[in-house]
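Listed below, chain by chain, are the residues.
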Amino acid sequence: MKLNRLVALVVALCLMLGCTAIAEQFPLVDEPTTLHIMAQVGSYYPDQKLDNVHGLQKYEEMSGVHIEWDNVSNSVFGDTLAARIADSGTKLPDIILRGKIGNDKLASWGEQGIIVDLRPYLEENAPNFWKLFNEESTISGAIVGANGEIWGLPQVILGAEMRTPTKLWLNKNAMEAIGMDDPKTLDDYVKVMTAIRDSDWNGNGENDEITTIASANNMHNYFYGSFGLRTRGAHHDVVDVDPETGELRVYFQHENFRKYVEFMTMMYQEKLIYQEIFTEGDKQSDVFNQTNRLSMLLNTIAPGNGGDNWYTVNWSLEGPDGYAFHTQTRGAIHSTGNFVITCDCPEELIPVALKWVDYFYSEKGSALALIGVEGEDWEVKEDGTRSWTDAALATRTEDMSNDAFRAQFGMWPGGGVPACFFSNLLDAEYGPIPSACAQALLKDYAPKKIWPIITFTADESAVVSQLGSDINNFAKNFAAQVMTGEKELTDDTWAAFQDELAKMNPEKLIDAYESALTRVYGEGAEF
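The model shown is predicted, which means the values in this text are computed figures rather than measured ones.

A. Broad picture of the sheet that holds strand 4 (residues 153–157). The 6 strands are arranged 2-1-3-11-4-14 in an open sheet whose pairing can be described as mixed. Of all strands in the sheet, those bounded by a partner on one side alone are strand 2 (65–73) and strand 14 (420–421). In this sheet, strand 3 (residues 95–97) lies alongside strand 1 (residues 33–41) in parallel orientation, the contact comprising 3 bridges. Counted as the bridge partner of Ile37 is Ile95 from strand 3. Here helix 3 (residues 77–86) sits on the sheet in contact with strand 1, strand 2 and strand 3, set at roughly 135° to strand 1.

B. Quick peek at the packing of helix 11 (residues 216–224) against helix 19 (residues 458–483). Contact pair helix 11 / helix 19: the axes reach a minimum separation of 12 Å and the direction vectors enclose 95°. It follows from the interaxial angle that helix 11 and helix 19 lie roughly perpendicular. Residues Asn217, Met219, His220 and Tyr224 of helix 11 lie in contact with helix 19, whose contacting residues are Lys476, Ala479 and Met483. For the contact of helix 11 with helix 19, the class distribution of residues is 4 nonpolar, 2 polar and 1 charged.

C. Spatial organisation of helix 11. Most of helix 11 sits inside the fold, with 7 of its 9 residues counted as buried. On the buried face of helix 11, the contacting elements are strand 5 (167–171), helix 10 (186–197), helix 12 (255–269), strand 9 (294–299) and helix 19.

D. Layout of the pattern of salt bridges. Within this structure, the stated rule accounts for 17 salt bridges. In this structure, Asp198 and Arg197 form a salt bridge, with 2.9 Å as the shortest nitrogen-oxygen distance. You can call Arg197 partly exposed: its relative accessible area is 21%. Residues Arg406 and Glu429 are paired through a salt bridge, measuring 3.9 Å at the closest nitrogen-oxygen approach. Of this pair, Arg406 sits in helix 17 (residues 402–406) while Glu429 sits in the loop between strand 14 and helix 18 (432–444), and the two are 23 residues apart along the sequence. The class for Arg406 is buried, based on a relative accessible area of 3%.

E. Focus on the nonpolar core. Ranked by internal contacts, the top residues of the largest apolar core, which has 72 residues, are Leu50, Leu153, Phe339, Ile341 and Trp356. Ranked by residues supplied to this core, first place goes to helix 14 (residues 350–358) with 6 residues.

F. Quick look at the sheet that holds strand 9. Across the sheet, 4 strands lie side by side as 6-9-5-10; this open sheet has mixed pairing. For this open sheet the edge positions go to strand 6 (210–213) and strand 10 (310–312), each flanked by a neighbour on one side alone. Taking each pair of neighbouring strands and ignoring which way they run, the sheet shows an average axis angle of 20°. The sheet contacts of helix 11 involve strand 5 and strand 9, and relative to strand 9 the element is tilted by about 80°. Set on the sheet, helix 18 makes contact with strand 5 and strand 10; between it and strand 5 the angle comes to about 140°.

G. Molecular detail of a negative patch on the surface. On the surface, a cluster of negative charge is made up of Glu247, Glu507, Asp511, Glu514 and Glu523. You can see Glu247 is positioned in the loop between strand 7 (239–241) and strand 8 (248–250).

H. Region of interest: unusual backbone geometry. Residue Phe26 is joined to Pro27 through a cis peptide bond whose omega torsion reads 0°. You can see Pro27 is positioned in the loop between helix 1 (2–17) and strand 1. For Arg98, which is not a glycine, the phi torsion comes out positive at approximately 65°. Mapped onto the elements, Arg98 comes out in the loop between strand 3 and helix 4 (103–111). The phi dihedral of Asp200 falls on the positive side, at around 50°, and the residue is not glycine. Residue placement: Asp200 occurs in the loop between helix 10 and strand 6.

What counts, and where the lines are drawn
Residues numbered from 1 in each chain as written. Predicted model: local features only at pLDDT ≥ 70, side-chain atom pairs only at ≥ 80, totals over all residues. Heavy atoms only, no water. Pairing = 2+ DSSP bridges. Helix = DSSP H or I, 4+ residues; strand = E, 2+ residues; numbered from the N terminus. Contact = heavy atoms within 4.5 Å. Axes fitted to C-alpha atoms, helices over the stretch in contact; angles between N-to-C directions. Parallel < 35°, antiparallel > 145°, perpendicular 65-115°, else oblique. Nonpolar A, V, L, I, M, F, W, Y, C, P; charged D, E, K, R; others polar. Buried < 20%, exposed > 50% of the residue type's maximum accessible area, 1.4 Å probe, protein only. Salt bridge = Lys/Arg side-chain N within 4 Å of Asp/Glu carboxyl O. Core = buried A, V, L, I, M, F, W, Y, C linked by side-chain atoms within 4.5 Å. Patch = residues over 30% accessible without salt bridge, like charges linked within 9 Å, V, L, I, M, F, W, Y side chains within 5 Å. Areas by Shrake-Rupley, 256 points an atom, 1.4 Å probe, with all protein chains shown as cover. Lys, Arg positive; Asp, Glu negative; His and termini not counted. Charge placed at Lys NZ, Arg CZ, Asp CG, Glu CD.

As structure tokens, then:
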């Protein structure tokens, strides 16, 4: 009786004090068990094989679950998976991993019986994920289907480091050469870029400095915020909320989009932006950095291996009307459909499969899946920070990218990992400079509300995926034509652009969003 009372007291204290640790028991199985996994991989993986990733090799020893890996290059993954699903004579893998499969496709496959509804199994077999699901409200809106189904597990991002990509990176040598303060407004930015363009800061006597380099999407997403556009975060292009009226809108119809295009046209024509941005994007950033030509970069991390000559600003640039949103801010979900169980998985293996992946949603399991084995690949230093071990660093060659280096140890590079990214990682986004920047951007410059990835109904999805994509492509193509001088921006060309937009029926897109957002936030709620 005393023992029972003691147990009850301990349980009560845990509930009162918020004891939330979930005990992990390994191995996961009592007898040899094999799961067949089809995984999307990038070229940075060792021979494009997850078999060779050290953290996953260690996890196989711990879990007792052997994985038969079917590694498929990201360049052909979508087509390969679609072909296998279409061929009724082909047995599907037990699990589809890192697919970044969208909700509309998941729902369609679920309705056809191709994949398994995970929801009935999660509470018992995936306690780490189930805890996150119930504590972080934006997860449910991103993955729960119209009838309560959960067709796949997402990549969860709780730490600020992964929630604020597309930072402004400055070359310290370039900034010291021109002797100017870091820019805080768009006007400042133009002055700094002009000075860098004309400075010959690398001292080679040639006018070969690259001013600002970025992918076209990163360029748009970073500077939109200075014009009060894309005000609901990184997951949704085209539709946002007008910060002045609170109304849903297609922001390409707003006068501020014209101001944005005018500003970016000036930047491009004055060669303050890389002239091949629409064809090359930021693909050459590492090369330009290595040859001492790169001045500024819009990206998640510094170019190449970074180094002491790169730093970020911990703010967004203020535009002409006072806006300084960091619109490239994510909710707690990075991507959906990263762990999917198919109809060909034996029913008795479904709980095993979920227990296998669930460890990645704990802090220890996340670190193992993403950065490898503690004490062998990485270690905790006396000051509490984490670093790569000497043994890990010894594998790094001069021409090895950050992604190629990390891919030896964990599944981090490329994203789409069915795991939770806590603030317990190292390097890249988690280095002291980008981490401090991420914390500041999330705290002071993120839009006041970040829409999660939304599970649309089939009808809504048809509108959002097709019409939304058409409008987005049309508007960005218009901006590119004006920036490159193919088309002049006048009152007449602006009016013609708006007329074409109106013909595309943007109201239909807004209606689809209003319907979906009402389900997420409730009738009459502020979007």
